[in-house]
Amino acid sequence: MRLILVLCFIALNACSNITNHSSVESIVFEYVQELNNLPIPENASEIENRSAIDLKSYEVPEKFEVLNKAYIKKLTDEGWSITEIESNKVMRVMKDNSKYTLIITKKSNDKNLTNVTIRKNVNVK
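Residues numbered from 1 in each chain as written. Predicted model: local features only at pLDDT ≥ 70, side-chain atom pairs only at ≥ 80, totals over all residues. Heavy atoms only, no water.

Participant: Outline the sheet that holds strand S6 (residues 90-95), supporting the account with residue identities and numerical values.
Facilitator: Each strand in a sheet pairs with its neighbour through backbone hydrogen bonds, running either in the same direction (parallel) or in the opposite one (antiparallel). The strand order across the open sheet built from 6 strands is S3-S4-S8-S7-S6-S5, with neighbouring strands paired in antiparallel fashion. Looking along the sheet, the strands with just one partner apiece sit at the ends: strand S3 (45-46) and strand S5 (81-86). Bridging between S6 and strand S7 (residues 98-106) involves 6 bridges; their strand directions are antiparallel. Each residue of the ladder has a partner; that of Met91, found in S7, is Leu102. Sheet strands touched by helix H2 (residues 64-77): strand S4 (54-60), S5, S6, S7 and strand S8 (114-120). Its angle to S7, the strand with the most contacts, is close to 165°. (Pairing = 2+ DSSP bridges. Helix = DSSP H or I, 4+ residues; strand = E, 2+ residues; numbered from the N terminus. Contact = heavy atoms within 4.5 Å. Axes fitted to C-alpha atoms, helices over the stretch in contact; angles between N-to-C directions.)

Participant: Any details on the packing of aromatic side chains? Residues and values, ideally.
Facilitator: Summed over the entire model, instances satisfying the criterion amount to 2 aromatic pairs. With 6.3 Å between their ring centres and 45° between their planes, Trp80 and Tyr100 make a pair best called tilted. Note that Trp80 is positioned in the loop between H2 and S5 and Tyr100 in strand S7, a separation of 20 residues in sequence. Relative accessible area serves as the criterion here: at 5%, Trp80 is assigned to the buried category. Looking at Tyr100, the relative accessible area reads 2%, which means it is buried. The ring of Phe64 carries the charged tip of Lys89 above its face, separated from the ring centre by 5.8 Å. (Phe/Tyr/Trp six-rings, centres within 6.5 Å; stacked < 30°, edge-to-face > 60°. Buried < 20%, exposed > 50% of the residue type's maximum accessible area, 1.4 Å probe, protein only. Lys NZ or Arg CZ within 6 Å of the ring centre and 35° of its normal.)

Fair warning: the whole summary comes from geometry, so function is off the table for now.
So, in structure tokens, the structure goes:
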């Protein structure tokens, strides 16, 4: 009987570990029309505490590593060109006449929250 209980506990623990971690494929994006259809994670919440040069700022309930990989994949799949400016946290993204700086940073007080900031990049040719 104990063996069955131990096996059930192990199986339940394994299942909970799988469901607690997001994957690149599980992140769904929507398009922001005023940003020329730049994709934004569907579960992103717009935040108001942005600087004067920021177009939009979002808080996303995803780990930085997962969100960053998903974002790069989505942008590449959608035909956006990506140039890393300062590692993979600050990127220049361009498509057609749309040019933005995308800043993806881990929220310091919560490892499961990531901030995404979008700035208009007017000096890129």
